[in-house]
Amino acid sequence: MFNTNEDFTINKLTVLYLLSEVKMPLTLSQITQIVLERGYTDYFSMQQSLNELVVSDLILKSSQNNASYFDISEKGLQTLEFFASRIPNSIRSELDTFISSNWRKLRTQRDVTAEYIPTKAHEYMVNCKVTEHDSILINLSVNVASKKQAITLCEKWKNNSDKLYSEILEIISQ
């Protein structure tokens, strides 16, 4: 598959459009999934487009919780304003529909994190966190005795953080 300069330009503009409309930073995996599932480009072209956008300061890259986050810069917004008409209407419409339907899920993926790290032989530290509007609501660290238990705790936290947060607040408020 050969991509033309026009293809790369549309790929970059599509990423800028996505980040401007979702109005929050997205992880590398979120951007890749959204773009690839819709068949806008291939993985390697996507990576090249992201790298070029970062190098040209059109998007900002940051790292948090072992993930790379991307957000549109002021320069990126200005560029998009000038060239948005080059993005096919079908892509814009499809992204608008996706964002409208999945905004809450994207936000939750960003605001609820759980990870584990080995600390000693057969010991793992599980770090669970919930943020809202860039404020930490809860940050919980638990030492467990097996990798299996660490994975289970991470999955349960990601799937039930609202309920668990409420229960923890109730317990410690008594």
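Our subject is the structure listed above.
In this text, all values refer to a predicted model and were calculated from it rather than measured experimentally.

So, on to helix H5 (residues 89-111). The end-to-end C-alpha separation of H5 is 31 Å, in line with the 33 Å expected for 23 residues at 1.5 Å each. In the structure, H5 departs most strongly from a straight axis at Asn 102, where the bend amounts to approximately 65°. Turning to H5, its buried residues number three or more, namely Ile 91, Leu 95, Phe 98, Ile 99, Leu 106, Arg 107, Arg 110 and Asp 111.

Across 8 bridges, the pairing between strand E4 (residues 112-120) and strand E5 (residues 123-132) is antiparallel. Following the sheet pairing, Ile 117 is matched in E5 by Met 125. Connecting the antiparallel pair E4 and E5 is a turn made up of 2 residues, with His 122 showing a positive phi of about 65°.

Before going further, it helps to spend a moment on the pattern of salt bridges. Counted according to the given criterion, the structure contains 3 salt bridges. Linking Arg 38 and Glu 37 is a salt bridge whose minimum nitrogen-to-oxygen distance equals 3.8 Å. Lys 163 serves as the salt-bridge partner of Glu 167, at 3.9 Å between the closest nitrogen and oxygen. Within this pair, Glu 167 and its partner Lys 163 are both found in helix H6 (residues 147-173), separated by 4 residues, close to a single helical turn.

Looking at the element boundaries, Ile 59 is found in strand E2 (residues 59-64). Residue Ile 59 is classed as buried on the basis of its relative accessible area, which comes to 1%. With 12 residues separating them along the chain, Ile 59 and Asp 71 place their C-alpha atoms 5.5 Å apart. If sequence neighbours within four positions are ignored, Ile 59 has contacts with Leu 16, Leu 19, Leu 50, Leu 53, Val 54, Phe 70, Asp 71, Ile 72 and Ser 73.

A word on H6. Its 27 residues give H6 an end-to-end C-alpha distance of only 31 Å, which falls more than 12% under 39 Å, the value for a rise of 1.5 Å per residue. Asn 160 marks the point of greatest bend in H6, at about 90°. Along H6, the positions that sit buried rather than exposed are Ala 150, Cys 154, Trp 157 and Ser 161. Each element contacted by the buried residues of H6 is listed here: E4, E5 and strand E6 (135-144).

This part is about the sheet that holds E5. Read across the open sheet, the 3 strands follow the order E4-E5-E6; overall the sheet is antiparallel. Two strands lie at the open edges of the sheet, namely E4 and E6, each paired on one side alone. Across the sheet, the mean angle from the axis of one strand to that of its neighbour is 15°, orientation sign disregarded. With 9 bridges joining them, E5 and E6 adopt antiparallel strand pairing. For Val 126, the partnering residue across the bridge sits in E6 and is Val 142. Across the sheet, H5 touches E4 and E5, and the angle it forms with E4 is around 25°. Contacting E4, E5 and E6, H6 crosses the sheet at an angle of about 140° to E4.

The rules we used
Residues numbered from 1 in each chain as written. Predicted model: local features only at pLDDT ≥ 70, side-chain atom pairs only at ≥ 80, totals over all residues. Heavy atoms only, no water. Helix = DSSP H or I, 4+ residues; strand = E, 2+ residues; numbered from the N terminus. Expected span 1.5 Å × (residues − 1). Bend = angle between axes of the 7 residues up to and from the residue. Buried < 20%, exposed > 50% of the residue type's maximum accessible area, 1.4 Å probe, protein only. Pairing = 2+ DSSP bridges. Salt bridge = Lys/Arg side-chain N within 4 Å of Asp/Glu carboxyl O. Contact = heavy atoms within 4.5 Å. Axes fitted to C-alpha atoms, helices over the stretch in contact; angles between N-to-C directions.

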